[in-house]
2 protein chains.
Amino acid sequence: MALPDNFKHYMSGLIGQDAVASIVITILLIPQSLAYAQLASLPPEVGLMASILPLVAYALLGRSSVLAVGPVAIVALMTAAALQGAGIVDPTAKVAAAGVLALMIGGILIAAGLLRLGFLANYLSQPVIHGFIISSSIIILISQLRHMLDVTLTAHEPLFQFLELVQSLVASNPTTVILGLATFAILFGFPKAMTASLPKSARETTIGDLLPRVAPLVAIAVTAFAAVVLPAVQVPLTGEVSTALPDLTAITQGLGAAELLWPSALLIALIAFTESLAVARSFAARKKEKIEANRELIAIGAANAAAALSGGMPVAGGFARTAVSFAAGAATRAAGAMTAGLIALSLVFFTGLYAYIPKVTLAVIIIFSISKMIRFGEILPIWRYSPLDAGVYALTAGGVFLLGVEMGLLMGVVLSIIIFIARAGRPHIAQVGRIAGSEHFRNVRRHSVLTHNHLLMVRVDESLYFANALFLENDLMTRVQDHDGLTDVVLLASAVNKIDWSAMETLERINGDLKARGIRFHLAEVKGPVMDRIERSDLLAHLTGEIFLSASVAESTLGANGRGAKSQMVDGAGI
Amino acid sequence: MALPDNFKHYMSGLIGQDAVASIVITILLIPQSLAYAQLASLPPEVGLMASILPLVAYALLGRSSVLAVGPVAIVALMTAAALQGAGIVDPTAKVAAAGVLALMIGGILIAAGLLRLGFLANYLSQPVIHGFIISSSIIILISQLRHMLDVTLTAHEPLFQFLELVQSLVASNPTTVILGLATFAILFGFPKAMTASLPKSARETTIGDLLPRVAPLVAIAVTAFAAVVLPAVQVPLTGEVSTALPDLTAITQGLGAAELLWPSALLIALIAFTESLAVARSFAARKKEKIEANRELIAIGAANAAAALSGGMPVAGGFARTAVSFAAGAATRAAGAMTAGLIALSLVFFTGLYAYIPKVTLAVIIIFSISKMIRFGEILPIWRYSPLDAGVYALTAGGVFLLGVEMGLLMGVVLSIIIFIARAGRPHIAQVGRIAGSEHFRNVRRHSVLTHNHLLMVRVDESLYFANALFLENDLMTRVQDHDGLTDVVLLASAVNKIDWSAMETLERINGDLKARGIRFHLAEVKGPVMDRIERSDLLAHLTGEIFLSASVAESTLGANGRGAKSQMVDGAGI
């Protein structure tokens, strides 16, 4: 059997790139898997299992060659919140419920992909996403600080947890604090030391780029060694990592919680997909790949289903990890599959070692990576651009922090949609006139143009919908009332892409109202698809005026009927 | 003290017109007030009281000279449903609760007017309104048919009530059926007889127009007379009309039900306002009056508050009544105040007579007037125009009939908004080229235009929002991928009226992605207000290309860099 050409091509070169990338990703993924399992309040092996089969599933179905799936911080946080919200506290029940949750998320994403609902992710606006991320990061930060201080928190709300942490400062365990600070020092100092020790020529190479990223593994090795050999270091450890094959019957035991977990599953599915898609897209341009939302829905869904069936937790594509995968030169999706193999091997050979990792080390790894997301200044450019968008950001951030991720996200999405509708409900409407000697018609308030006393030409800069039809009617009739001696009104529809039934009824009413005042109503610059619709309505049967191809033709035809053009110039203060 | 000129002018002529109009409106309003009180399952005096002070309140605060407020069918139906939904069955408690409901509706409308929320009425699309009206009318029809058959219904749902009515046909009271048919005959035949008996010259006069409208009063007189003098006519009568002054302490007793009535109050307020505004607007054009939504909110709110304080029921402006007021030549809002006086006088002098009106007569008056609203064919033009809009109509109508007015309206509004958002999420995007020898640029799929191999000019026909930003990005990058040898992309923003923060981030990403592919990104025809915004963002700092005033300038500048223009003609099959 001859091997296909592209397989030979792959074996001859790309496989080497993928192998290097997979080793680098594994080095980053092991600490992250352990840490995010801890963040999700699950045992460490759940994080590791979520970094094996899901990667294979994505490699088989996804499109991005660099997207690195696995446990991610915000999904881990939402998983913890979902389990807590469903009142699940028993450790075994938690693992089962996390599997059920991943299964539901997988099912939702695959179904959404088959139903081609990928476009729904568009409805999370950027202010909502940014507001959600900053508050989630702060919540994660607070939740992990307790491992640093080695205190137990009784509160569930982030605000009260924070206050409790402040009160517990005096009661904190000096050993974990020192170990935590040591971890910070390694995470911060190791990359700098590495870069400094490399010859200048090597810094720009792949090795120079990747060596600093070993820092988390170094921190784990150093602190675990300290915990094992120094008798003075008495800190909580990750504990024994189970190497038993996942028990599929556990999932069936967790199914009872499914009913309680549905709302969380829907929301985590949305967030996991939005995050994965954003990460995949941001690297796709550089790899000149094309990412298709519905295809990714199915692939991320399959990854979650695979996590569920192998004792893992909900997964998504992670940004930091994907950046590493890209920098390490991952050439094809096989890199992900190889990473899965390496993680599986590590689970077989190093399980005994994982047990000695101090919890504080994993907590500091999370804090270190999440703190990059907390930039309070990011609201400033949004505020400068649009205070309303900044309001959405602030409401989402405040809602997530004070009322929980689900309520906060919902508030942000609803406010975004209200603003969107309200904006479209007040379209820009301008009276226009001819720029002398040209075929161009412009706003009388911004330009010096020619207008007629008996002819009102008005341009509406929006499609016409139920939400803005009455606004148009009001605006138009006010202009008509303000103009004495009118005989003709022309509505320029150059920016009208759609007219719904409500707006069509409004146009008929405007036509009738103008008729009652002895004024003819005309349309001009109606686009093809809109004209096709108008022909299916009664408007043409009742229209007192004509439909002109252009504003220029309308003005030439109707202007001659009146007392001639007069030049009107209004200052540019208006809009 | 000298009288103001406009008062003298009024006394010299308009007062006569208003007096005639008020007599005509009173003749119509008395039977309607009694009938709609019956529809609302309230005693007759509640309907009459709702036709006195509310008219004065509207005359003081409203703007329409012809809008006739008072009890209306759909608001009466919703009032009955609200009282039933709150579990209020005791007759005295019902009257008190109807007052509380009117007070809440008044408060909501006045508050909405002060907060300038009149624009909210725009979000009831025409398909929703029409679907709501037809189903409400059918529900009213079914509810009144029981008076015609003189049977008691046990079901509350219209569908089951209808089935019960069909089953009860055999058990119906022949006397009420005959009296009902007689009422129908008078309502139908009297106007025809009047018109036929008038000389042709008189038919076009005001008297010719108004005389047929006395029919309901004639029907009442005839059937009441029959019920009193013919021993064979044993039918349920309206019963004694209380002339006691309204007991204001009753309202305080009803306040307990307020909590249960809030959702209904909100919805009735919305419907009462939407109906009143639609009626006022449709006659304003003919009277050359200008109706301002927020002003009307306050006036209709005051009318409801006045109803509450005088033992009435929720009120709104009614279409049929306003048409009569217009036809009778009401000149100023004083006509409404005079009508109130006449109703008050009738309450003093004719109360004894009202008691003998058969219920079936009022029921048939309601059926006769409401059946004009039931036109099943009205969905056809909507369907022809837009099947999606017809779907909203059908969903609202079905929801109102099967699940109740509140759920049905909610479903219709939500579906309208979903369609609105989904439509705006998929804007029309077209590649354009120059029409040879002109400054016009048109869609390459619809026109024969000149394009360049290295220059892609794309026009987007929608403002850019979070909801369509990713759609634009996807569409644009697909076009870029399909064009080899591109060096420049120009986005024509002639139809872009707003760019929100999310879309601005997307433009920055598009700029970055094109840069990674070695392609420059330009904008052209950016409107003034949009440009003001762009200057507040980071886009200008990163933009690889330029911002051109027009498509023509962009093409002249960038076209020269390449291998010259080639003519491209594509058939007009696409959009």
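Residues numbered from 1 in each chain as written. Chains lettered and ligands numbered in written order. Predicted model: local features only at pLDDT ≥ 70, side-chain atom pairs only at ≥ 80, totals over all residues.

Description of the overall build of chain A
Argument step 1. On a plain count of helices and strands, chain A comes out with 26 helices and 10 strands.
Argument step 2. Taking 25 Å as the expected radius of gyration for a compact globule of 575 residues, we find that chain A reaches 31 Å, considerably beyond that expectation.
Argument step 3. Considered along the principal axes of its C-alpha atoms, chain A spans approximately 100 × 70 × 55 Å.
Argument step 4. Contacts in chain A between residues at least 24 apart in sequence constitute 82% of all its contacts with a sequence separation of at least 6. (Helix = DSSP H or I, 4+ residues; strand = E, 2+ residues; numbered from the N terminus. Rg over C-alpha atoms; globule rule 2.2 N^0.38 Å. Contact = placed C-beta atoms within 7 Å.)

Quick word on the pairing of strand 7 (residues 488-492) of chain B
Residue and element names in this part refer to chain B.
Argument step 1. Among the 5 residues that make up strand 7, 5 are buried, leaving the element largely enclosed by the rest of the structure.
Argument step 2. Neither face of strand 7 is left uncovered, since the one carrying Asp488, Val490 and Leu492 and the one carrying Val489 and Leu491 both have all their residues buried.
Argument step 3. Note that strand 6 (residues 455-460) and strand 7 share 5 bridges and pair parallel. Its bridge partner being in strand 7, Leu456 is matched across the sheet by Val489.
Argument step 4. Between the parallel pair strand 6 and strand 7, the chain is carried across by helix 22 (residues 466-482), and the sense of this crossover is right-handed.
Argument step 5. The pairing of strand 7 with strand 8 (residues 520-524) spans 5 bridges and is parallel. Looking at strand 8, one finds that Val490 is bridged to His522.
Argument step 6. Where the polypeptide runs from strand 7 across helix 23 (residues 501-516) and back to strand 8, its parallel neighbour, the crossover connection is right-handed. (Buried ≥ 20, exposed ≤ 12 C-beta atoms within 10 Å, placed from the backbone. Pairing = 2+ DSSP bridges. Right-handed = clockwise from strand over helix to strand, strands pointing away.)

Observations concerning the interface of chain B and chain A
Interface size, as often reported, equals the accessible area lost upon joining of the parts.
Argument step 1. In this complex, chain B contributes 51 residues to the contact, which on the side of chain A involves 51 residues.
Argument step 2. Of the residues contributing to the side of chain B that touches chain A, the split by class is 22 nonpolar, 12 polar and 17 charged. (Nonpolar A, V, L, I, M, F, W, Y, C, P; charged D, E, K, R; others polar.)

Re the relation of the copies chain B and chain A
Argument step 1. Placing chain B over chain A gives an RMSD of 0.1 Å and needs a rotation angle of 180°, together with 0.0 Å of translation along the axis. A rotation of that kind, with that shift, is consistent with a two-fold axis. When each C-alpha of chain B is compared by its distance to the rotation axis, Ala495(B) comes out closest, at 2.7 Å.
Argument step 2. Same-surface contact between copies: 100% of interface residues of chain B are shared with the interface of chain A. (Least-squares fit on C-alpha atoms with pLDDT ≥ 70 in both.)

Considerations on the environment of Ala226(B)
Argument step 1. Mapped onto the elements, Ala226(B) comes out in helix 11 (residues 215-229).
Argument step 2. Among all residues touching Ala226(B), those that are not within four sequence positions of it are Leu179(B) and Val233(B).

A word on the packing of helix 8 (residues 174-197) of chain A against helix 11 (residues 215-229) of chain A
All names here are of chain A.
Argument step 1. At a minimum axis separation of 9 Å, helix 8 and helix 11 run at an interaxial angle of 145°. In the packing of helix 8 onto helix 11, the handedness of the crossing is right-handed. Between helix 8 and helix 11, the contacting residues are Leu179, Ala182, Thr183, Ile186, Leu187, Phe190 and Pro191 on the first element and Ala215, Pro216, Val218, Ala219, Val222, Thr223 and Ala226 on the second.
Argument step 2. Here the contact of helix 8 with helix 11 is built from residues that sort into 12 nonpolar, 2 polar and no charged. (Axes fitted to C-alpha atoms, helices over the stretch in contact; angles between N-to-C directions. Left-handed = near helix turned anticlockwise from the far one by under 90°.)

Some thoughts on the confidence of the model for chain A
Close inspection of predicted coordinates is inappropriate for parts of the model with low pLDDT.
Argument step 1. Residues of chain A with pLDDT of at least 70 account for 92%, and the chain-wide mean is 85.
Argument step 2. Here residues 569-575 of chain A scores under 50 on pLDDT; set against residues more than four positions off or in separate chains, the count is 8 contacts. (pLDDT = per-residue confidence, 0-100.)

Observations concerning the domain arrangement of chain A
Argument step 1. Partitioning chain A into domains gives domain 1 (5-418) and domain 2 (429-569).
Argument step 2. When each unit is reduced to the centre of its C-alpha atoms, the spacing between domain 1 of chain A and domain 2 of chain A is 56 Å. (Domains from an automatic or database assignment.)

Regarding helix 8 (residues 174-197) of chain B
Each turn of an α-helix holds 3.6 residues, which means side chains three or four residues apart point in the same direction.
Residues and elements named next belong to chain B.
Argument step 1. Taking 1.5 Å of rise per residue, 24 residues should cover 34 Å, and helix 8 covers 33 Å from first to last C-alpha, within 8% of that figure.
Argument step 2. The largest bend along helix 8 measures about 35° and falls at Gly189, with the proline Pro191 one to four residues further on.
Argument step 3. Residues of helix 8 that are buried: Thr176, Leu179, Gly180, Thr183, Ile186, Leu187 and Phe190.
Argument step 4. Looking at the packing, one finds that the buried side of helix 8 touches helix 6 (126-149), helix 11 and helix 18 (359-370). (Expected span 1.5 Å × (residues − 1). Bend = angle between axes of the 7 residues up to and from the residue.)

Let's talk about the packing of helix 6 of chain B against helix 7 (residues 158-168) of chain B
Residue and element names in this part refer to chain B.
Argument step 1. In the contact formed by helix 6 and helix 7, the axes pass within 10 Å of each other and the chain directions differ by 30°. Judged by the inter-axis angle, helix 6 sits roughly parallel to helix 7. Between helix 6 and helix 7 the crossing geometry is left-handed. Seen from helix 6, the contacting residues are Ile138, Ile139, Ile142, Leu145, Arg146 and Leu149; seen from helix 7, they are Pro158, Gln161, Phe162, Leu165 and Ser168.
Argument step 2. Looking at the contact of helix 6 with helix 7, its residues break down into 8 nonpolar, 2 polar and 1 charged. (Parallel < 35°, antiparallel > 145°, perpendicular 65-115°, else oblique.)

Some remarks on helix 3 (residues 53-61) of chain A
Residues and elements named next belong to chain A.
Argument step 1. Within helix 3, 7 of the 9 residues are buried, which leaves the element mostly enclosed by the surrounding structure.
Argument step 2. Along helix 3, the residues classified as buried are Leu53, Pro54, Leu55, Val56, Ala57, Tyr58 and Ala59.
Argument step 3. On its buried face, helix 3 sits against strand 1 (69-70), helix 14 (293-309) and helix 16 (334-349).

Focus: unusual backbone geometry
Argument step 1. In this structure, Arg116(A) is a non-glycine residue whose phi angle is positive, near 55°.
Argument step 2. As for its position among the elements, Arg116(A) is in the loop between helix 5 (91-114) and helix 6 (126-149).
Argument step 3. The phi dihedral of Asp150(B) is positive, around 55°, even though this residue is not glycine.
Argument step 4. By the element assignment, Asp150(B) lies in the loop between helix 6 and helix 7.

Quick notes on the environment of Gly312(A)
Residues and elements named next belong to chain A.
Argument step 1. Here Gly312 is to be found in the loop between helix 14 and strand 2 (316-317).
Argument step 2. By C-beta crowding, Gly312 is classed as buried, having 31 other C-beta atoms within 10 Å.
Argument step 3. It is 7.9 Å that separates the C-alpha atoms of Gly312 and Ser51, two residues lying 261 residues apart in sequence.
Argument step 4. Gly312 has contacts with Val46, Met49, Ala50, Pro54, Ala102 and Ala307, leaving out every residue within four places of it along the chain.

Some thoughts on the environment of Ala327(A)
Residues and elements named next belong to chain A.
Argument step 1. Here Ala327 shows up in helix 15 (residues 319-327).
Argument step 2. In this structure Ala327 comes out as partly exposed when scored by C-beta crowding, with 15 C-beta atoms within 10 Å.
Argument step 3. Once the C-alpha coordinates of Ala327 and Leu210 are considered, the two residues, 117 residues apart in sequence, prove to be 7.5 Å apart.

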